[in-house]
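The chain contents come next:
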Amino acid sequence: MSSKYIALPKGVSEKSFDAAIKEYRAVLGEANVFTDSEHLASYSKIMIPDITENHTPSAAICPASVEEVQACVAICNKYKVPVWPISTGRNLGYGSAAPCSRGQVVMDLRRMNKIIEVDAELGTALVEPGVTFQQLYDYLQEHKIPLWLSCPAPSAIAGPLGNAVDRGVGYTPYGEHFMFSCGMEVVMPTGEVLKTGMGSLPNSNTAQVFKWGYGPYLDGIFTQSNYGIVTKMGFWLMPAPPAFKPYVIRYPEETDIVDIVETLRPLRMAMIIPNAVVIVHALWELGSFLKRSEHYPGTGTIPDSVVKDLVKKHKVGMWNVYCGLYGSPEQNEVNWNIIQNVVKASGKGELLTAEQVGDDPVFKYRADLMQGKMNTAEFGLYNWRGGGGSAWFAPVSQARGSETLKQMDMAKRILGKYGFDYVSEFIVGWRDMHHIVDLLYDRTDPAQLEAARACFDELLTEFSKAGYGTYRVNTAFMDKVADTYGPVKREINRKIKRALDPNGIIAPGKSGIWN
Ligand code: ADP
């Protein structure tokens, strides 16, 4: 049935939607409600291997305050219109700003972009959803506050709140972003405003310093979920260390991943290496600044021999481990000696400091990330294959050499079957590793899009069969991943959803949670 809307919410008549739009406009003003395809284009573009039409929004609404969010939620309930909240709405390779199913209204919180408070002494920040990493970074610089952020790779344009509620990670000692968050304000599906932790106690000044509050700890249920719209979030920021010493350890063989992990894990667990170390595969390292077609004209997976030649030519490792030392010069010196000795004793790896590496843009980019400095260098990866297709495959592994090798072999085999390259990095947590593979493909080629979809599906099937769960997934595969965690977890998620959001208006389908 034709409609003046590019997509109607499921089960909502055009007449009802007209009425809802009229009410959103009355609350937000004409300029902050969009239904035309031109304005909705930026909320419809996806990089993931799925049909764009499956994610077409019905409208976009842009509230500027908590009260406006509440008023919009009331309208959504009245007309049973589903609403998909986004903060800075980047989420590239996970679904971008588009909803997980067709016809949802995108609630773009970009106008709520206040840095409410930064406490320089306690090292805390309280921000709204639209605050970008760049904005917070600039604020700290302008006010000469000696605190560091932790940001993900495409950081300048993304934001701490959206990234943390989707449980993204960064590269500093505070790289597990949700772990370093403290206190949330949430507009519930009923319109009530919940402050988590200590925030719900009137006159409390501990909301950003003590995470647990009293009774059940609720913050977790508002991450990767659809139980509420987070309108404020607190973060701990790291005191700028007196000295920072970034370094890289380069390894020549793919199978070296075993020794790398075995060598580094004890240092990481003992916090001699304090940051979320990244172990970058050559194709990620090279793919950030090379074009595949200029080095390999073939169609299938790039052969290992070609990758080896590129590694030699560009003097990178097959694996490149980026770490940092953070502390006083004396502390760093002690830890540097330990690291040098451990690497030497392992008999493998070339350990290089910034001075030894010299003027290398890739090292600089990694050194920046490890001190929470903004950049967008990672976008270079999208030129490796070209065509704008990217889907992150993100299984979790134990921080054990044998496990990482097994995961690498599985990923390479499955990607190879479909003609895709193994472009990956491992981000080392305390005892886990996030194995991040960028499935890069040409979205303008329907055959490649279909191959990428089938490949991603097989990756999920095979990895979960082997017991490897994914920690985050794009909006086309949320149901599939939810299933891999079993029926009990899925049903409990659903029971909570029904209890909190009886009309099922907030982000139906997010993380596989439906009413
Ligand atoms: P970023 O731009 O940092 O990548 P997004 O704003 O795209 O982050 O948010 C990532 C995902 O997190 C969104 O797709 C959405 O599902 C969820 N999300 C973002 N902001 C909120 C919020 N304020 N409340 C609830 N969920 C949110």
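Presented here is an overview of the structure given in this document. (Residues numbered from 1 in each chain as written. Predicted model: local features only at pLDDT ≥ 70, side-chain atom pairs only at ≥ 80, totals over all residues. Heavy atoms only, no water.)

A few words now on the overall build of the protein chain. Of the regular secondary structure elements, the protein chain holds 16 helices and 19 strands. Expected size for 515 residues packed as a compact globule is a radius of gyration near 24 Å; at 23 Å, the protein chain falls within 12% of this value. Seen along its three principal axes, the alpha-carbon backbone of the protein chain occupies a region of about 70 × 55 × 45 Å. Across the 515 residues in the protein chain, those meeting the buried criterion constitute 58%. Contacts in the protein chain between residues at least 24 apart in sequence constitute 74% of all its contacts with a sequence separation of at least 6. Counting every atom, the protein chain has about 20900 Å² of accessible surface; 55% of that belongs to carbon and sulfur. Each charge sign in the protein chain was given a centre, from 52 positive and 55 negative side chains, and these centres are 4 Å apart. (Helix = DSSP H or I, 4+ residues; strand = E, 2+ residues; numbered from the N terminus. Rg over C-alpha atoms; globule rule 2.2 N^0.38 Å. Buried < 20%, exposed > 50% of the residue type's maximum accessible area, 1.4 Å probe, protein only. Contact = heavy atoms within 4.5 Å. Areas by Shrake-Rupley, 256 points an atom, 1.4 Å probe, with all protein chains shown as cover. Lys, Arg positive; Asp, Glu negative; His and termini not counted. Charge placed at Lys NZ, Arg CZ, Asp CG, Glu CD.)

Okay, the nonpolar core next. One finds Tyr 24, Ile 279 and Leu 439 to be the most contacted residues of the largest nonpolar core, which totals 87 residues. The dominant element in this core, judged by the number of residues it contributes, is helix H14 (residues 446–465), at eight residues. Domain assignment of the residues forming this core places at least three in each of domain 1 (14–110) and domain 3 (243–472). Ignoring any residue separated from it by four or fewer positions in sequence, one finds Ile 279 in contact with Ile 257, Ile 260, Val 261, Trp 319, Asn 320, Val 321, Ser 424, Glu 425, Phe 426, Val 428 and Met 433. (Core = buried A, V, L, I, M, F, W, Y, C linked by side-chain atoms within 4.5 Å. Domains from an automatic or database assignment.)

Next up on the list: the site of the ligand. Lining the immediate surroundings of the ligand are 20 residues, of which Ser 87, Thr 88, Arg 90, Asn 91 and Val 230 lie closest. A distance of 3.5 Å separates an oxygen atom of the ligand from a polar backbone atom of Asn 163. For the ligand, whose unbound accessible area comes to 550 Å², protein coverage reaches 97%. When residues of the shell around the ligand are traced back to their parent elements, those giving at least two are strand S3 (83–86), helix H5 (160–165) and strand S10 (229–236). The biggest single contributor to the shell around the ligand is H5, with four residues. In terms of residue class, the shell around the ligand is built from nine nonpolar, eight polar and three charged. Two domains each put at least three residues into the shell around the ligand: domain 1 (14–110) and domain 2 (115–239). (Near = heavy atom within 4 Å. Polar contact = N/O pair within 3.5 Å; in protein donor to acceptor, adjacent residues only side chain to side chain. Nonpolar A, V, L, I, M, F, W, Y, C, P; charged D, E, K, R; others polar.)

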